[in-house]
Amino acid sequence: MPRCSVSPTYDHNYSALAAVAVCLGTLSCQAAPPRELQIVGTDYAFAVPTKVQGGPATIRFTNNGKVPHEMALGRLRLGMTADSVMARLTQGRDPADVTDGVVGILIVEPAQTSIGALQTDLLAGRTYVMICQFRDADSLPPHIAMGMQASFTVE
Ligand SMILES: [Cu+2]
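In this text the structure is predicted, and so the values were computed from the model without any measurement. Within each chain, residue numbers correspond to sequence positions counted from 1 in written order. Given that the model is predicted, a residue must reach a pLDDT of at least 70 before its local features are reported, and side-chain atom pairs must reach 80 or more before they are shown or counted; all residues, however, enter totals for whole chains, interfaces and linings.

One finds Ile39, Ile59, Met71, Leu73, Met130 and Ile131 to be the most contacted residues of the largest nonpolar core, which totals 29 residues. We count a stretch as a helix when DSSP gives it H or I for four or more residues in a row; a strand needs E for two or more, and each element gets its number in order from the N terminus. Those elements giving two or more residues to this core turn out to be strand S3 (35-42), strand S6 (55-63), strand S7 (69-76), helix H1 (82-90), strand S8 (99-108), strand S10 (118-122), strand S11 (127-131) and strand S12 (149-154). Excluding residues within four positions of it along the chain, Met130 makes contact with Ile39, Phe46, Val48, Met71, Ala72, Leu73 and Ala150. Only buried residues count toward a nonpolar core: Ala, Val, Leu, Ile, Met, Phe, Trp, Tyr and Cys, linked into one set through C-beta atoms within 7 Å. Burial in this document is a count-based property: other C-beta atoms within 10 Å of a residue's C-beta are tallied, and the residue is buried at 20 or more, exposed at 12 or fewer, or partly exposed in between, with C-beta positions derived from the backbone. Residue pairs are scored as contacts if the distance between their C-beta atoms, which are placed from the backbone, is within 7 Å.

This paragraph deals with the pairing of S3. Both S3 and S6 contribute to a ladder of seven bridges, which runs parallel. Looking across to S6, one finds that Gly41 is bridged to Asn63. In this structure, S3 lies alongside strand S4 (residues 45-47), joined through three bridges in antiparallel fashion. Across the sheet, Gly41 pairs through a bridge with Phe46, a residue of S4. Only strands joined by at least two bridges in the DSSP assignment are considered to pair.

The next subject is the confidence of the model for the protein chain. Confidence scores here are pLDDT values: one per residue, from the predictor, ranging 0 to 100. Scored by pLDDT, the protein chain comes out at a mean of 83, with 81% of its residues at no less than 70. Within the model, the stretch residues 1-26 combines pLDDT values under 50 with 39 contacts to residues more than four positions away or in other chains.

Now the structure itself:
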C-alpha cells in the first residue's frame, strides 16, 4: 500500500492554503494536485471556460477592471439551469432555493489577483454560477445587472 500523506503548504505569497499530496516510497500516489481554475473579471463581465473538468479544484480570481469586484460562486441544484437562476439573481431574489449554497466569495481590488483561493470538489454534471453584486454607487445598478454573471458546467 502506498504511503501517502496530505499536508498543508502555503504558496509563494504565503497566502493561499493548498493541499499537496506527498508520496513517500517508490509506489505512485493516487492523489492528484487540485486543478487550477483562473477566473478573470473585467468591467463588467467574467471570463471563464464554459466546461470544466470535475474533481478537486483551486479557484482564483483576477480583476482586470478599474473598480473592485467580487466573484461569488455557487453550485446550482440538480435540474436548475443557469439562465433561470441568473434571471432570479438579476431581480435581486434569494438564490437559496435554487442552489446548494455558496462555494465561496473572492473580493479583489482593480489590477489584482486574489491572495487567497477557493478550494472545492467540482461535481460532474453540475452547473456553477458566479456573480458580482457590487455597485459603483448607490444610484447605479449592481454589477450583475451590468453583465457580471457567468456559469460553467462540470464534465
Ligand atoms: Cu463587480
